[in-house]
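For reference, the chains in residue letters:
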Amino acid sequence: KKITLLYGMMNALYQNGDVKREDVKLPLKPKKLSETDSSKNRRYFEPDERIRLVQTAKRMPPAWLYTAIIVSLNTGLRPGSLFNLKWTDLDFRTSTIQLQAGYMKTKDHWIIPMNKKTSRALKEWRKKIPPTQEIIFKGSEEAVTKQEWTDAFNALTKEAGIKGMTWYNTRHDFASQLIMKGVSLYTVKDLMCHKNITTTQVYAHLSPDLKSAAVALLDAL
């Protein structure tokens, strides 16, 4: 975004005649970075892996680990957003989460729903922490750091006997499970907070044959 702004400023100077193109020559503009999550590992959890992950998280430190795993699996939030959430971002009355632009990868404000598992886990967690704690998941200092959640997840998967997974796989699992259950790509796009449908289409291969099912509806006419 900063590079785009720089090019826009320079073009304005060129057009106004304040600077000549031969005086200040910019290199070729680099390609825009994709908004996609890492494409290196989009594996989702097998049913037995998910059970082991959740059950092991219940008995492992840190104290926030179990709740954070439940929220991740049921919202698909990136860990960078998850661990910046505050209690004021939650609305249990409407079962929604307000995602602030400041910690979102897309730099936009989003609202996503909470299912019953997410809401229940967060309500239980709130009973276990100081009532004055503003941030939902507190690390050694303030918000849980990347190093802290990375170390916690690595220890968790090792104990649960799950290989080749990172915290981001909970996000991929969220999208994959929804697609495999027939949820539309456009709905998953919004739940994943993707700005472009092309970002979500990497999960399209998991979709059941909805096209055939759709045209079959006409057989009864």
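Going by the structure above, here's the rest.
Here is what the cut-offs are and how they apply
- Residues numbered from 1 in each chain as written.
- Predicted model: local features only at pLDDT ≥ 70, side-chain atom pairs only at ≥ 80, totals over all residues.
- Heavy atoms only, no water.
- 1 Å grid on protein atoms, 1.4 Å probe; cavity = no way out; pocket = protein on both sides within 12 Å on 5 of 7 lines; lining within 4 Å.
- Points joined across faces, edges and corners; volume = space filled by probe spheres on them.
- Nonpolar A, V, L, I, M, F, W, Y, C, P; charged D, E, K, R; others polar.
- Helix = DSSP H or I, 4+ residues; strand = E, 2+ residues; numbered from the N terminus.
- Buried < 20%, exposed > 50% of the residue type's maximum accessible area, 1.4 Å probe, protein only.

A.B. asks: What's the story with empty space enclosed by the protein in this structure? I'm lost.
C.D. replies: A probe as big as a water molecule, rolled over the atoms, marks out the empty space that is left. With the rule as written, the count across this model stands at 1 cavity of 30 Å³ or more. Here the largest cavity defines a volume of roughly 40 Å³. Lining the largest cavity, in full, are Thr-75, Gly-76, Leu-77, Arg-78, Ser-81, Met-104, Arg-171, Leu-191, Met-192 and Cys-193. Classifying every residue of the lining of the largest cavity gives 5 nonpolar, 3 polar and 2 charged.

A.B. asks: Explain unusual backbone geometry here, please?
C.D. replies: Backbone geometry follows two general trends: most residues other than glycine have a negative phi, and most peptide bonds adopt the trans configuration. With an omega dihedral of -5 degrees, the bond running from Pro-61 to Pro-62 counts as a cis peptide bond. Relative to the helices and strands, Pro-62 is located in the loop between helix H2 (47–58) and helix H3 (65–75). Despite not being glycine, Ser-95 shows a phi value in the positive range, around 55 degrees. Note on Ser-95: relative accessible area 26%, which makes it partly exposed. Positive phi, normally seen in glycine, also occurs at Cys-193, with a value near 60 degrees. With respect to the element layout, Cys-193 can be found in the loop between helix H8 (185–191) and helix H9 (197–200).

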